[in-house]
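Report on the structure
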Amino acid sequence: MARRLRRRYAAERRFRRLGAAAVALSAAFLAFLLITMLAQGLRGFTETRVAMPVNLAAAELPIEPARLKGRGADLALAGAGLEDAVESAATTAFGPMGTDLLSPGAWIVVRDAIKADPGLLRRTDCFELPIASRYDVAAKGVGTPEAERVVAQLQARGVLSTGWDMGFLRDADATDPTRVGIWGAAKGSLLTMLVTLALAFPIGVLAALYLEEYAPKNRWTDMIEVSINNLAAVPSIIFGLLGLAVFLGSFGLPRSAPLVGGLTLALMTMPVIVIAGRNAIKAVPPSIRDAALAVGASRVQVIFHHVLPLALPGILTGTIIGMARALGETAPLLMIGMRAFIAAPPRGLTDPATVLPVQIFLWSDQVDRGFIEKTSAAIIVLLVFLLAMNGLAIYLRNRFETRW
C-alpha cells in the first residue's frame, strides 16, 4: 500500500510539472510573439526627419495669397511647383545627395505650413521634412551601407531627428512607405464589422430562440442543427466564394465595399452566434421558465423578460468572439475584391475600402524594406482591436452574469 501511494503521489507530481511546463511554454511563445511584434512594429509608428531651410521667396511661386483660403487652397498649392521648390532647396542645402534625400510627400508638410501661415511665401524658414524610405530605415539600423553612410553624414551635421508619424494613424494607403497610413483600413474594418453585427446578431439570436424554445423536436430540426454545426466549421474561403457569386454576381452590389464585406462575414459569423446562443439559452434552468408560466406570463414574456436576460452574457460573449474571428479573416474578403489599392478612407458603406488583415497582407508583399516595419505596426493595431473586443466580451460577461 505504501509503494502504491508513493507511485500515485509521484505520478501526480509529474502531471503537475507537465502542466506547469505546458503553461510556461505557451507563455514563452506568446511573449516571443509580442516582443517581436513590438520590437519591429514600434519603429513603424515613427519617422525620421531632416531639418533644412526652404527659401520660398526666392522660388517665386505663382501663388496668390487670396486663393489660400477655403477649399481651393490645396488645388492652388498643388499646381504651383511647390514640389520642385522643395527639391531645389534640398539640393542647395545638402548638395548632390539632396536630390533623392526627401520623401516624395515632403512637400505636403510645406504645403500645410503655407496654408496655416501664408507669410512663409515671403521669407526663408526651416522645416523638418520626412526623408526617403531607404534613408529612414537606415536611420533605424536596417539600411544599406550607402544609405547608412548618408545618414551618418546627416547625423554628424545634427540635422536628423525622429518623431511620431501621426500620418500613419490618420492617412490611408500609399505607394511610398513614408506616406502610408492605417486609418483607411481601420475605418473599412469598422464599417464592415458594423454591417456584420447588424445582420448576424439579431438573426442569430432569433434563430437560437426559435430552435431552443419553439421548434418541435423532429428530423427536420435535427437536420437544421446538423447544418448549422457544419456551417460553423466550413472554411472561410467558401463564404467568400458565396459572397462573390451571390452579392456581386447576382445582386450586382459594389465591389470592394464594406457592405459586401459585412454581408459575407455575417454569413460566416451567424452559425457561431446561433450555437453560442443556443448553449446560453439551454443553460437557463427550467425552473425559471416554470415559475414565470406559473404566475401567468405568456410564452413571449417568459422568453424576453426572463430567459433572454439570463442568457445574454453567454450570447454576447459568443457574439464578440465570433466578431473577433471575422475581424481577422482575409480569405473571404480577398474573394470579393477588398484587396484593391485604396488611397482614401471610405465615406460610406458602398465606397471602395479595404480592411486591416488585407492591408497587412498587401504591405507584406511589397518589395520596399520600409513596408516591413509598417506591416508590423499594422499588426499591432489589429492586435489592439482584437484585445479590445475580447476585453469587451469579458466585461459584458462579468457585467450581466447572474449566479443561481
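Residues numbered from 1 in each chain as written. Predicted model: local features only at pLDDT ≥ 70, side-chain atom pairs only at ≥ 80, totals over all residues. Heavy atoms only, no water.

The name an unreviewed UniProt entry gives the protein chain is Phosphate transport system permease protein PstA, with Sphingomonas yabuuchiae as the organism. As its UniProt record puts it under Sequence similarities (unreviewed entry), the protein chain is described as follows: "Belongs to the binding-protein-dependent transport system permease family. CysTW subfamily." (UniProt positions renumbered as here; feature names shortened; annotations may be inferred.)

The next subject is the pattern of salt bridges. Taken as a whole, this structure holds 11 salt bridges when the rule is applied. Of the charged contacts, one joins Asp112 and Arg111 as a salt bridge, the two residues approaching to 3.2 Å between their closest N and O atoms. Assessed through its relative accessible area of 36%, Asp112 is described here as partly exposed. By relative accessible area, which is 17% here, Arg111 ends up buried. Where Arg278 meets Glu212, a salt bridge forms, and the shortest distance between an N and an O atom there is 3.1 Å. Here Arg278, found in helix H12 (residues 258-282), pairs with Glu212, found in helix H9 (residues 183-214); they are 66 residues apart in sequence, far enough to count as distant. Classification of Arg278 by relative accessible area gives buried; the value is 12%. Residue Glu212 is classed as buried on the basis of its relative accessible area, which comes to 19%. Look at the salt bridges and you will find they share partners, linking Arg43, Asp136, Lys140 and Glu373 into a network. (Salt bridge = Lys/Arg side-chain N within 4 Å of Asp/Glu carboxyl O. Buried < 20%, exposed > 50% of the residue type's maximum accessible area, 1.4 Å probe, protein only. Helix = DSSP H or I, 4+ residues; strand = E, 2+ residues; numbered from the N terminus.)

Within the secondary structure, Pro332 sits in helix H15 (residues 331-335). What makes Pro332 buried here is its relative accessible area of 0%. Considered as a pair, Pro332 and Leu242 are 90 residues apart in the sequence and their alpha carbons are 8.9 Å apart. Beyond its immediate stretch of four places on either side in the chain, Pro332 contacts Ser236, Gly240, Thr264 and Leu265. (Contact = heavy atoms within 4.5 Å.)

The next point concerns the packing of helix H4 (residues 82-94) against helix H5 (residues 106-116). At a minimum axis distance of 9 Å, the contact between H4 and H5 shows a crossing angle of 115°. Classified by the angle between their axes, H4 and H5 sit roughly perpendicular to one another. Where H4 crosses over H5, the two elements pack in a sense that is right-handed. The segment H4 lies against H5, with Leu82, Glu83 and Val86 engaging Trp107, Val110, Arg111 and Ile114. (Axes fitted to C-alpha atoms, helices over the stretch in contact; angles between N-to-C directions. Parallel < 35°, antiparallel > 145°, perpendicular 65-115°, else oblique. Left-handed = near helix turned anticlockwise from the far one by under 90°.)

Attention shifts here to the sheet that holds strand S1 (residues 46-55). What the 3 strands build is an open sheet, ordered S2-S1-S3; its pairing is antiparallel. The sheet is open, and its two edges are formed by strand S2 (124-130) and strand S3 (160-164), each paired on a single side. Strand-to-strand twist across the sheet, computed as the mean angle between neighbouring axes with direction ignored, equals 40°. As paired elements, S1 and S3 share 5 bridges and run antiparallel to each other. For Thr48, the partnering residue across the bridge sits in S3 and is Thr162. Across the sheet, H4 touches S1 and S2, and the angle it forms with S1 is around 90°. (Pairing = 2+ DSSP bridges.)

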